[in-house]
Amino acid sequence: MDLGLKGKVAAITGGSVGIGLAIARAFAEEGVHLALCARNEDRLQDECHRIEKEFGVHVLGVRADVSKVEDIEAFTTAIHATFGGVDILINNAGTGSEEKILTAPDERWQYYWDLHVMAAVRLSRALAPGMANRGGGVILNNASICATQPLYYEPIYNTTKAALVMFSKCLANELIPMKIRVNVVNPGLVMTPDWVKTAKLLTEGKETTWEQYLENIARENAPIGRFATPEEIANLFVFLASDKASYCVGSTYYIDGGWLKVTT
Ligand code: NDP
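Asker: Please provide a residue-by-residue account of the layout of surface pockets, values included.
Answerer: By volume, the second largest pocket is sized at about 200 Å³. Together, 13 residues line the second largest pocket, and K8, G136, G137, V138 and D243 are the ones closest to its centre. Within the lining of the second largest pocket, the residues separate by chemical class into 3 nonpolar, 4 polar and 6 charged.

Spelled out as structure tokens, the structure:
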């Protein structure tokens, strides 16, 4: 199937590992040029060079912490200088939290608000006008099943991801006249290096291996009985970014192996 993405430009936050990297590689395979950002510059540049070599597309890598206004400005300035703008924006960077509401300080709430919500607000504000000038575009936000079905240990993650879902709906309404389609994706369990690292830490010196620990999590939560691969999630992003998804706008797409316990 020709997705019609060849020659387009996509910006992806957190494109150096996990889901963001899988999306970057899947776009590159379709001939999409990339602007990626992350905090760890070495890992980011390594992946940028690997993608360029493997797929022959242009890849810009910018060290940026998207929870910071000045880093977002540096990212968008570099994008405009290199590509003149983008056709696709993927707000992907994010991470889990662990706290109790009664003891978590304001600064912690502010950090996740900036990372999960304001990064998407600021990048959309900076890049959407250019998308409109290019004839339209696509903005996809990576939230989480936790936006709807909270995990007990991460109330700030659940709350800020729920806000990202609502932001996506509001942005979709505002940008439809500019021919920009906005949607949000809510993944369930996705096997990224971070899960492996956590599993190894939690099983150190225990009888259960880290592999068994992760298998148990999958069995207990996802009816499909396993984690998704980052590539399985990336496939949905690539489809939603393509013209084949031209009627998809203002929606929330779950991709969770049946984990969501209600209909939406
Ligand atoms: P990873 O930890 O594997 O990758 C996160 C990426 O984001 C890395 O490239 C990381 O690079 C970057 N990043 C993290 N913080 C920042 C920051 N402040 N500024 C810029 N870049 C940043 O995460 P996943 O692939 O697992 O998750 C990606 C998204 O998917 C997240 O928003 C997450 O909430 C969501 N998600 C993940 C699920 C899962 O099971 N894995 C399930 C549901 C949703 P660096 O550290 O160098 O900055």
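Asker: Let's hear about the sheet that holds strand β7 (residues 252-255): which residues, and what values?
Answerer: If you walk across this open sheet you meet the 7 strands as β3-β2-β1-β4-β5-β6-β7, and the pairing is parallel. Taken across any chain shown, the strands that pair with only one partner, and hence form the sheet edges, are β3 (59-63) and β7. Strand-to-strand, the axes of this sheet are offset by a mean angle of 15°, without reference to chain direction. Where strand β2 (residues 33-38) and β3 come together, 5 bridges link them in parallel fashion. Paired with A35 across the bridge in β3 is L60.

Asker: Can you explain the packing of aromatic side chains? Please cite residues and give values.
Answerer: Scanning the entire structure with this criterion turns up 3 aromatic pairs. Measuring from centroid to centroid gives 5.3 Å for Y152 and Y153, while their planes differ by 85°, and the two rings are edge-to-face. In this structure Y152 comes out as exposed when scored by relative accessible area, which is 72%. Taking relative accessible area as the criterion, Y153 reaches 27% and is therefore assigned partly exposed. Relative to F227, the ring of W195 has its centre 5.1 Å away and its plane inclined at 80°; by these criteria the two rings are edge-to-face. Of this pair, W195 sits in helix α6 (residues 193-203) while F227 sits in the loop between α7 (210-221) and α8 (230-241), and the two are 32 residues apart along the sequence.

Asker: Break down the pattern of salt bridges for me, with residues and values.
Answerer: Inspection of the entire model under this criterion finds 8 salt bridges. D87 is paired through a salt bridge with R134; the nearest N and O atoms lie 3.0 Å apart. Taken together, the residues span a long stretch of sequence, with D87 in the loop between α3 (69-83) and β4 (88-91) and R134 in the loop between α4 (106-133) and β5 (137-142) at a distance of 47 residues. Among the salt bridges present, the one from E99 reaches R108, with a minimum N-O distance of 2.8 Å. Classification of E99 as buried rests on a relative accessible area of 10%.

Asker: Give a detailed account of the site of the ligand, specifying residues and quantitative values.
Answerer: The environment of the ligand is made up of 29 residues, and the closest members are S16, I19, R39, N92 and Y157. S16 has a polar side-chain atom sitting 2.7 Å from an oxygen atom of the ligand. Between an oxygen atom of the ligand and a side-chain N or O atom of T192, the distance comes to 3.3 Å. In the complex, 91% of the free accessible area of the ligand, which totals 880 Å², lies under the protein chains.

Asker: Tell me about empty space enclosed by the protein, residues and numbers included.
Answerer: Taken as a whole, this structure holds 1 cavity of 30 Å³ or more when the rule is applied. If you add up the space inside the largest cavity, you get close to 60 Å³. In this structure, the largest cavity is lined by T13, V66, N91, N92, A93, L115, H116, A119, A120, N142, K161 and L164. Those elements giving two or more residues to the lining of the largest cavity turn out to be α4 and α5 (155-175).

What counts, and at which threshold
- Residues numbered from 1 in each chain as written.
- Predicted model: local features only at pLDDT ≥ 70, side-chain atom pairs only at ≥ 80, totals over all residues.
- Heavy atoms only, no water.
- 1 Å grid on protein atoms, 1.4 Å probe; cavity = no way out; pocket = protein on both sides within 12 Å on 5 of 7 lines; lining within 4 Å.
- Points joined across faces, edges and corners; volume = space filled by probe spheres on them.
- Nonpolar A, V, L, I, M, F, W, Y, C, P; charged D, E, K, R; others polar.
- Pairing = 2+ DSSP bridges.
- Helix = DSSP H or I, 4+ residues; strand = E, 2+ residues; numbered from the N terminus.
- Axes fitted to C-alpha atoms, helices over the stretch in contact; angles between N-to-C directions.
- Phe/Tyr/Trp six-rings, centres within 6.5 Å; stacked < 30°, edge-to-face > 60°.
- Buried < 20%, exposed > 50% of the residue type's maximum accessible area, 1.4 Å probe, protein only.
- Salt bridge = Lys/Arg side-chain N within 4 Å of Asp/Glu carboxyl O.
- Near = heavy atom within 4 Å.
- Polar contact = N/O pair within 3.5 Å; in protein donor to acceptor, adjacent residues only side chain to side chain.
- Areas by Shrake-Rupley, 256 points an atom, 1.4 Å probe, with all protein chains shown as cover.

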